[in-house]
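Below are the chains, spelled out letter by letter.
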Amino acid sequence: MTKSIALLGEYTPTFPPHLSTNAAIEHAKAASGLDIGADWISTADIDHTLFERYAGIWIAPGSPYKDMDKTLSAIRHARENNIPCFGTCGGFQHMIIEYARNVLGFKDAQHAEYDPYASTLFISQLACSLAGRALPLTLEADSRVAEIYGALTATEQYYCNFGINPDYVDTLKQGPMRITGADDEGEIRVIEWPGHPFFIGTLFVPQARSTPERPHLLVSAFLKAVANL
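Residues numbered from 1 in each chain as written. Predicted model: local features only at pLDDT ≥ 70, side-chain atom pairs only at ≥ 80, totals over all residues. Heavy atoms only, no water.

Our working definition: UniProt positions are given in the numbering used here, feature names are shortened, and annotations may be inferred rather than shown by experiment.
Within an unreviewed UniProt entry, the label attached to the chain reads CTP synthase (glutamine hydrolyzing), and the organism entered is Methylomonas rapida. Recorded in UniProt under Pathway (unreviewed entry), the annotation for the chain is "Pyrimidine metabolism; CTP biosynthesis via de novo pathway; CTP from UDP: step 2/2." One UniProt comment on the chain, placed under Catalytic activity (unreviewed entry), says "UTP + L-glutamine + ATP + H2O = CTP + L-glutamate + ADP + phosphate + 2 H(+)".

Shown next as structure tokens:
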């Protein structure tokens, strides 16, 4: 039986990160020979059958989502039940919110895209937009993401206007979530959950750099984690 992943987000056929998500999955499938299905699911349509139908979830770019609470619930379920979960751009940001609320105990942790005047903004608007920029990245030596890349440095493409609020960086570092990638200024760009088959979030959009000749390593690793469940 073919395993499938749910692409959680509000699919827009003219939005470049969504097109590159579809393409990157096809690149990885063609190169690996893996038979993995992929369906776009609106966050408003997430329900209790999601994980009966899908073996992994990719929290896609393109927030705000129609239903933040359902999205966070899906992320939490994947994190707590060893289900492969990949979050890129907006997906990364929501993985941070889920972690802040359900692990660190900040029940009112919020994202500025939904409520810019919230008192506990873990995700805030970037002082300088990263949209359309390709920037260098440094990875932690003993991390899963460095193992996947087979390197400690990379260059990746961004498509975001929001990121981690600097006021909460020290708070985020106090819990079990590992911060395993940063930019040249030390800003958090990659997170992963230790001991999980695949629970990785990137503020950048790795799918944007995938090609048929060179499928992106993170996308390929995510699909392999789903296949190996």
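Points about the nonpolar core
Inclusion rule: Put simply, buried Ala, Val, Leu, Ile, Met, Phe, Trp, Tyr and Cys residues joined by side-chain atoms within 4.5 Å make one nonpolar core. Partly exposed residues are those whose accessible area sits between 20% and 50% of the maximum for their type, while under 20% is buried and over 50% is exposed, using a 1.4 Å probe and protein chains only. Helix and strand definitions follow DSSP, with helices as H or I runs of at least four residues and strands as E runs of at least two, each counted in order from the N terminus. A contact between two residues is defined here by any heavy atoms of the two lying within 4.5 Å.
Counting residues in hydrophobic clusters, the biggest one holds 73 residues, and the most contacted among them are Leu8 and Ile57. For this core, the element with the highest residue contribution is helix 7 (residues 217-227), accounting for seven residues. Those residues within four positions of Ile57 in sequence are excluded, and the remaining contacts are Ala6, Leu8, Leu50, Phe51, Ala74, Ile75, Ala78, Pro84, Cys85, Phe86 and Phe222.

Observations concerning the environment of Asn81
Its place among the elements puts Asn81 in the loop between helix 3 (68-80) and strand 4 (85-88). Taking the relative accessible area as the measure of exposure, Asn81 reaches 41% and is therefore partly exposed. Separated by 35 residues in sequence, Asn81 and Pro116 place their C-alpha atoms 32 Å apart.

Brief notes about the pattern of salt bridges
Between side chains of opposite charge, a pair can form when the charged atoms approach closely. The criterion, for reference: Salt bridges, as used here, are contacts in which a Lys or Arg side-chain nitrogen is within 4 Å of a carboxyl oxygen on Asp or Glu.
Within this structure, the stated rule accounts for eight salt bridges. A single network of salt bridges, built from pairs that share partners, joins Arg76, Arg79, Glu80 and Glu98.

A word on the sheet that holds strand 9 (residues 162-164)
Using the following cut-off: Note: two strands are recorded as paired if DSSP finds a minimum of 2 bridges between them. Angular values range over 0 to 180 degrees, each being the angle between N-to-C directions of two axes fitted as lines to C-alpha atoms, with helices fitted over their stretch in contact.
Strand order in the open sheet formed by three strands is 5-6-9, with mixed pairing between adjacent strands. Each of the sheet's edge strands pairs with one partner strand only, and the pair in question is strand 5 (110-111) and strand 9. Note: strand 5 against strand 6 (residues 121-125), two bridges, orientation parallel. When the bridges of strand 6 are listed, His111 appears paired with Ile123. Across the sheet, helix 4 (residues 90-102) lies against strand 5, strand 6 and strand 9, angled at about 155° from strand 6, the strand it touches most.

Quick look at the pairing of strand 6
Along strand 6, four of the five residues are buried, which leaves the element largely enclosed by surrounding structure. Relative to strand 9, strand 6 runs antiparallel, the two being bridged by three bridges. When the bridges of strand 9 are listed, Gln125 appears paired with Phe162.

Digging into the sheet that holds strand 8 (residues 153-157)
Adjacent strands of a sheet pair through backbone hydrogen bonds, lying either parallel or antiparallel. Strand order in the open sheet made by the nine strands is 2-1-3-4-12-11-10-7-8, with mixed pairing throughout. Edge positions in the sheet fall to strand 2 (36-41) and strand 8, since each has one partner strand and no second. Each strand axis lies, on average, 25° off the axis of its neighbour in the sheet, ignoring direction. Taken together, the four bridges between strand 1 (residues 3-8) and strand 3 (residues 56-59) define a ladder with parallel strand orientation. If you follow Leu7 over to strand 3, its bridge partner there is Trp58.

With respect to the UniProt feature "domain: Glutamine amidotransferase" (unreviewed entry) in the chain
According to UniProt, the "domain: Glutamine amidotransferase" (unreviewed entry) feature falls on residues 21-224. For residues 21-224, helix accounts for 29% and strand for 24%, while the C-alpha atoms at its two ends are 16 Å apart.

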